[in-house]
Amino acid sequence: MASLLRVQNLSARLGAAQLLFDIDFEANAGEVTVLVGRNGAGKSTTMKAIMGLVAEVGGVIEVDGRNVRGLTPHEIARLGVGYVPEERRIFTDLTVAENLEVGRQPKRQAARDAPRWTVERVCELFPKLAEMLDRPAGQMSGGEQQMLTIARTLMGNPRVILLDEPSEGLAPIVVQRIAETIRALKREGLCVILSEQNLHFARAVADRAVVIERGMVRFVGSFTALEADAEIRAKYLTA
Ligand SMILES: Nc1ncnc2c1ncn2[C@@H]1O[C@H](COP(=O)(O)OP(=O)(O)OP(=O)(O)O)[C@@H](O)[C@H]1O
Ligand SMILES: [Mg+2]
């Protein structure tokens, strides 16, 4: 299977500091790839670099065989990459429905082959949102805001979705809901890239794993292989 996202020799620097060194991995449609690593390892920087949010980036970033390095975040989004950053970015003064509208991409600009999302369909995925459509998003709990952020990103009809620590700071029951959602996105054929500090949440959803430490890739393989590799886990991951 040809990979939908290909990252090769990806480097990133911020002024004098080099944050990423030759990051290599590929990710497929219908699979969840977890970028896992400790605090400050470079997971978020990798996602930002893919999304065109880091100015100084080298190497190859391809989506469905098409180079996206050097494009603007907006252009990259139009080519089918959705991004849910660590800090949830909802518009608190807008209603839930208005937040979803903000994420909608005009049909002709949406990536071809991407699943078609409508307000109705995202509400099937997140029934809670359906009950809250007319309420200001600022009234939502942290978990609901995370769901809204994911739902709004889906409205752009991405083929690749980058989820930066979506389970962070959420109650276990909400984390379970997020895991179910990720499995549903996988069934839709999305290429899901997830970042996590440890393996707990990843275990429920991940097919493949990329271990990052100090801006370098230390392991790439199946999630099962990572679970079996006690040495890699002890060296580069938090229990
Ligand atoms: N704006 C910035 N200015 C300077 N250094 C930065 C900046 N953003 C990130 N870094 C550094 O880059 C490195 C990688 O950070 P990054 O945020 O990618 O880590 P992470 O793996 O996402 O960590 P976490 O799990 O805490 O979110 C860290 O050493 C961090 O201090
Ligand atoms: Mg991070």
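Residues numbered from 1 in each chain as written. Chains lettered and ligands numbered in written order. Predicted model: local features only at pLDDT ≥ 70, side-chain atom pairs only at ≥ 80, totals over all residues.

One open sheet accounts for 6 strands, arranged E6-E7-E8-E3-E9-E10; its pairing is mixed. Strands with a single pairing partner mark the edges of an open sheet, and in this sheet they are strand E6 (81–84) and strand E10 (216–222). Across the sheet, the mean angle separating the axes of adjacent strands is 15° when strand polarity is ignored. In terms of strand pairing, E6 meets strand E7 (residues 160–164) through 4 bridges, oriented parallel. Directly across from Gly82, in E7, lies its bridge partner Ile161. Relative to the sheet, helix H6 (residues 142–154) contacts E6 and E7, its axis offset from that of E6 by approximately 165°. Strands in contact with helix H7 (residues 172–187) are strand E3 (32–36), E7 and strand E8 (191–196); relative to E8, the strand with the most contacts, it is inclined by about 150°. (Pairing = 2+ DSSP bridges. Helix = DSSP H or I, 4+ residues; strand = E, 2+ residues; numbered from the N terminus. Axes fitted to C-alpha atoms, helices over the stretch in contact; angles between N-to-C directions. Contact = placed C-beta atoms within 7 Å.)

Structurally, Arg233 is set in helix H10 (residues 230–236). Among the residues examined, Arg233 registers 18 C-beta atoms within 10 Å and is labelled partly exposed. For the pair Arg233 and Gly37, spaced 196 residues apart in sequence, the C-alpha separation works out to 9.5 Å. (Buried ≥ 20, exposed ≤ 12 C-beta atoms within 10 Å, placed from the backbone.)

With that out of the way, let us pick up the site of ligand 1. Neighbouring residues of ligand 1: 13 residues in total, closest Gly40, Ala41, Lys43, Ser44 and Thr45. At the level of elements, strand E2 (17–27) and helix H1 (43–50) are the ones that each hand at least two residues to the shell around ligand 1. Of the residues forming the shell around ligand 1, the biggest block, 3 residues, is contributed by H1. In terms of residue class, the shell around ligand 1 is built from 4 nonpolar, 7 polar and 2 charged. (Near = placed C-beta within 6 Å. Nonpolar A, V, L, I, M, F, W, Y, C, P; charged D, E, K, R; others polar.)

In this section: the sheet that holds strand E4 (residues 56–63). If you walk across this open sheet you meet the 4 strands as E2-E1-E4-E5, and the pairing is antiparallel. Every interior strand has two partners, whereas the edge strands, E2 and strand E5 (66–67), have only one. Relative to E5, E4 runs antiparallel, the two being bridged by 2 bridges. Bridged to Glu62 within E5 is Asn67. H1 rests against strand E1 (5–14), E2 and E4 of the sheet, and its axis sits at about 75° to E2.

Burial analysis of E7 places 5 of its 5 residues in the buried class, which makes it a mostly covered element. Where burial is concerned, the two faces of E7 agree: the one with Val160, Leu162 and Asp164 and the one with Ile161 and Leu163 are both buried. Pairing geometry for E7 and E8, over 5 bridges, is parallel. Residue pairing for E8: Leu163 is matched across the bridge by Leu194.

In this section: the nonpolar core. Core analysis: the biggest nonpolar cluster contains 67 residues, and Val81, Ala151, Leu162, Val192, Ile193 and Leu194 have the highest contact counts within it. The residues contacting Leu194, other than those within four sequence positions of it, are Val32, Val34, Leu163, Ile182, Ala202, Val205 and Ala206. (Core = buried A, V, L, I, M, F, W, Y, C linked by C-beta atoms within 7 Å.)

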